[in-house]
Amino acid sequence: MAGAQHDLVVIGGGPGGYVAAIRAAQLGLSVGCVEKEPALGGTCLRVGCIPSKALLESSELYAEARKTFGRHGIKVGGLDLDLAAMLKRKQDVVSANTKGIDGLFRKNKVARYLGHGKLDGPGRVVVAGGDGAVTEIAATRVVLATGSTVATLRGAEPDGERVVTSTEALSFPEVPRRLIVIGAGAIGLELGSVWSRLGASVTVLEYFDRILPGMDTEIAAEALKVLKRQGLEFRLGVRVTAARQDGDGAVVEIEGQDPVRGDRVLVAIGRVPYTEGLGLETVGVKVDERGRIPVDAHFRTAAENVYAIGDVIAGPMLAHKAEDEGVACVEGIVTGYGHVNYDAIPNVVYTMPEVASVGKTEEQLKDAGVAYRAGSFPFMANGRARALGHTDGKVKILADAATDRILGAHIVGPRAGDLIAELAVAIEFGASAEDVARATHAHPTLAETIKEAALAVDGRALHI
Ligand SMILES: Cc1cc2nc3c(=O)[nH]c(=O)nc-3n(C[C@H](O)[C@H](O)[C@H](O)COP(=O)(O)OP(=O)(O)OC[C@H]3O[C@@H](n4cnc5c(N)ncnc54)[C@H](O)[C@@H]3O)c2cc1C
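Everything quoted here is computed from the prediction, not taken from an experiment.

## A look at the environment of Val-358
For step 1, the next point in the chain: Along the polypeptide, Val-358 turns up in strand E19 (residues 354-359).
For step 2, the next point in the chain: C-alpha separation for the pair Val-358 and Gly-408, spaced 50 residues apart in sequence, amounts to 5.6 Å.
For step 3, the next point in the chain: Aside from chain neighbours lying at most four places away, what touches Val-358 is Asp-343, Ala-344, Ile-345, Pro-346, Gly-408, Ala-409, His-410, Ile-420, Leu-423, Ala-424 and Ile-427.

Next up, the structure:
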């Protein structure tokens, strides 16, 4: 049992953990990071954000070549799908990213421990490697960044083959003829879009009577219209009671309705915090009713010198939220100050068109009784969107009726995920809609829709 000592040990090498480790090292701490998987980067890099976006990009190019190249006057003969090559490219993108983290750890002198990390009383972390080796680390402080895992639906437990999670749905060996997706959240819609573009007939089943629960209702309804037009089938307001393998396919049972059959079923109903075998009890930390580690505003758990960040604590399960918490947590430890503005965390769904939001939805403002003004602008009226041939969707900005301060912004449209950054910065800076409206936006760009929506808050959009 070899011993080691660090000022800070981070358990979990996902976007929360690895970023916390790098920032702590930059601030002069001796840092160790424990990760049980051979590749660093967590859910996000290995089986989440990055591989899904690689497939979304490839499948979108394929769909464009099939459906829209002709409109640009480009004739493509003999177009064919090489799924194995597409999956290999995805894996290459993942590897390049995960290896990049190894490089960043070397550069910043973060010690990397491969194995399952466990708290073993105050100031001690034990790492059990796959080879049976056990390493004991003395840690002045510990950051828990163990992330999340897929939520399962009782009666629809994944079998890894026909009833699967997002991880398997990133690597189907062939395009399913019929894919059933349970859950119309970001992951279900993104992976449903990937396989639909590649030729699968996709049916999305959702418990709520809308898609993208939690996002702005009007924007989600607009996204639904476009996705339906692309060929995805939606059955909303249905309760799935079971899903299982059935012959060489799968069957999904729905309360009060006929069962639905497909080649494969993707269960995408959300994610739950992951704390298995973490030894929380050895330091007296208890998880809450939803399995999350409770923390205060400085990411301190109930145990002295033990902190937690990312998907394993409350808040949106997003990579950039985890990263910013990692930075704020260690800056708080070293400098005494660290802060995350939860009102300015963008949320993006990478369908085509993308759906993006930041700040409050219209429903939240109504519920809170806040008087607001809304301004929106359609991509149809934007020259660049027309040139791109992507004119679906709109930008909507919500501003305080009295002060004009931007409270929320919601976009469905081309590159919405990139466009939302401007409005996240605007909210962060406490900008008014007029501030954004008066800023010069390059022409012709998609970003002009943001300026126009900001003008529309005051009823004076120019191009509509
Ligand atoms: C298909 C999919 C697509 C997604 N797309 C997006 C997206 O586009 N944008 C976005 O913002 N978010 C996306 N997410 C969510 C995003 O991946 C997570 O919010 C993010 O990874 C959370 O970061 P984290 O560091 O808290 O946890 P994780 O990334 O889950 O990392 C935790 C790490 O800790 C390790 N670990 C756990 N316990 C131990 C232990 N005891 N010892 C050692 N190691 C341990 C795990 O192996 C893991 O590597 C997606 C998720 C999925 C599944």
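And the narrative resumes.
## Focus on a nonpolar patch on the surface
For step 1, the next point in the chain: A cluster of nonpolar side chains, Ile-74, Val-76 and Leu-79, forms an exposed patch at the surface whose accessible area comes to about 220 Å².
For step 2, the next point in the chain: Take Leu-79: it is sitting in the loop between helix H3 (49-67) and helix H4 (83-108).
For step 3, the next point in the chain: Given the relative accessible area of 36%, Leu-79 is considered partly exposed.

## Some thoughts on the nonpolar core
For step 1, the next point in the chain: Core analysis: the largest hydrophobic core is formed by 51 residues, its most contacted members being Leu-8, Val-10, Val-31, Phe-105, Val-125, Leu-144 and Ile-293.
For step 2, the next point in the chain: Among the elements that take part in this core, helix H1 (residues 15-26) stands out by supplying seven residues, more than any other.
For step 3, the next point in the chain: Counting residues in hydrophobic clusters, the runner-up holds 36 residues, among them Leu-83, Leu-170, Trp-195 and Val-355.

## Describing the pattern of salt bridges
For step 1, the next point in the chain: Under the definition given, this model contains 28 salt bridges.
For step 2, the next point in the chain: For Glu-161, the salt bridge is made with Arg-162, and the minimal N-O distance between the two is 3.9 Å.
For step 3, the next point in the chain: In this structure Glu-161 comes out as partly exposed when scored by relative accessible area, which is 39%.
For step 4, the next point in the chain: A residue is classified by how much of its surface remains accessible, and Arg-162, at 14% relative accessible area, is buried.
For step 5, the next point in the chain: Across the pair Glu-289 and Arg-292 runs a salt bridge, and its minimum N-O distance is 4.0 Å.
For step 6, the next point in the chain: What makes Glu-289 exposed here is its relative accessible area of 69%.
For step 7, the next point in the chain: On the accessibility criterion, Arg-292 (17% relative accessible area) is buried.
For step 8, the next point in the chain: Through salt bridges with shared partners, a single ionic network connects Asp-216, Glu-218, Glu-362, Lys-394 and Lys-396.

## Focus: unusual backbone geometry
For step 1, the next point in the chain: Omega for the bond connecting Met-352 with Pro-353 falls within 30 degrees of zero, at 0 degrees, which places this linkage in the cis form.
For step 2, the next point in the chain: Omega for the peptide link from His-443 to Pro-444 comes to -5 degrees, which places this bond in the cis form.
For step 3, the next point in the chain: Within the fold, Pro-444 resides in the loop between helix H12 (433-438) and helix H13 (448-457).
For step 4, the next point in the chain: Phi angles above zero are rare outside glycine, and Lys-109 is one such case at about 55 degrees.
For step 5, the next point in the chain: Examined against the element boundaries, Lys-109 turns out to sit in the loop between H4 and strand E3 (111-114).
For step 6, the next point in the chain: For Asn-305, which is not a glycine, the phi torsion comes out positive at approximately 65 degrees.
For step 7, the next point in the chain: Structurally, Asn-305 is set in the loop between strand E16 (271-273) and strand E17 (306-308).

## Examining the sheet that holds strand E14 (residues 260-262)
For step 1, the next point in the chain: Spatially, E12-E13-E14 is the arrangement adopted by the three strands of the open sheet, whose pairing is antiparallel. Across the chains shown, the open sheet's two edge strands, defined by having one partner strand only, are strand E12 (240-246) and E14. Sheet twist, expressed as the average angle between the axes of neighbouring strands with direction ignored, equals 20 degrees.
For step 2, the next point in the chain: Direction of pairing for strand E13 (residues 249-254) relative to E14: antiparallel, over a ladder of three bridges. From the neighbouring strand, Ala-250 faces E14, where its bridge partner is Gly-262.

## A look at the site of the ligand
For step 1, the next point in the chain: Taken together, 40 residues are adjacent to the ligand, and Glu-35, Thr-43, Lys-53, Gly-117 and Ala-319 come closest.
For step 2, the next point in the chain: Within the side chain of Lys-53, one N or O atom sits 2.6 Å away from an oxygen atom of the ligand.
For step 3, the next point in the chain: Protein contacts shield 96% of the accessible area of the ligand, which totals 1,000 Å² for the unbound molecule.
For step 4, the next point in the chain: Those elements giving two or more residues to the shell around the ligand turn out to be H1, strand E2 (31-35), helix H2 (42-47), H3, strand E4 (116-119) and helix H8 (319-335).
For step 5, the next point in the chain: Among the elements that make up the shell around the ligand, the one with the highest residue count is H2 (five residues).
For step 6, the next point in the chain: Its residues placed into classes, the shell around the ligand shows 15 nonpolar, 18 polar and seven charged.

## What about the state of the cysteines?
For step 1, the next point in the chain: As enumerated under the stated definition, the model contains zero disulfides in all.
For step 2, the next point in the chain: Cys-329 supplies the cysteine sulfur nearest to Cys-33, a cysteine that is in no disulfide, at a spacing of 13 Å.
For step 3, the next point in the chain: Residue Cys-33 is classed as buried on the basis of its relative accessible area of 0%.

## Focus on the pairing of strand E9 (residues 178-182)
For step 1, the next point in the chain: Burial analysis of E9 places four of its five residues in the buried class, the great majority of the element.
For step 2, the next point in the chain: Bridging between E9 and strand E10 (residues 201-206) involves five bridges; their strand directions are parallel. Looking at the pairing, Val-181 lines up with Val-204 of E10.
For step 3, the next point in the chain: Read as a crossover between parallel neighbours, the route from E9 over helix H6 (residues 186-197) to E10 is right-handed.
For step 4, the next point in the chain: Pairing of E9 with strand E15 (residues 264-267), which is carried by four bridges, proceeds in the parallel orientation. The residue bridging Leu-179 from the neighbouring strand is Arg-264, located in E15.

Quick notes on the rules
Residues numbered from 1 in each chain as written. Predicted model: local features only at pLDDT ≥ 70, side-chain atom pairs only at ≥ 80, totals over all residues. Heavy atoms only, no water. Helix = DSSP H or I, 4+ residues; strand = E, 2+ residues; numbered from the N terminus. Contact = heavy atoms within 4.5 Å. Patch = residues over 30% accessible without salt bridge, like charges linked within 9 Å, V, L, I, M, F, W, Y side chains within 5 Å. Areas by Shrake-Rupley, 256 points an atom, 1.4 Å probe, with all protein chains shown as cover. Salt bridge = Lys/Arg side-chain N within 4 Å of Asp/Glu carboxyl O. Buried < 20%, exposed > 50% of the residue type's maximum accessible area, 1.4 Å probe, protein only. Core = buried A, V, L, I, M, F, W, Y, C linked by side-chain atoms within 4.5 Å. Pairing = 2+ DSSP bridges. Axes fitted to C-alpha atoms, helices over the stretch in contact; angles between N-to-C directions. Near = heavy atom within 4 Å. Polar contact = N/O pair within 3.5 Å; in protein donor to acceptor, adjacent residues only side chain to side chain. Nonpolar A, V, L, I, M, F, W, Y, C, P; charged D, E, K, R; others polar. Disulfide = S-S within 2.5 Å. Right-handed = clockwise from strand over helix to strand, strands pointing away.

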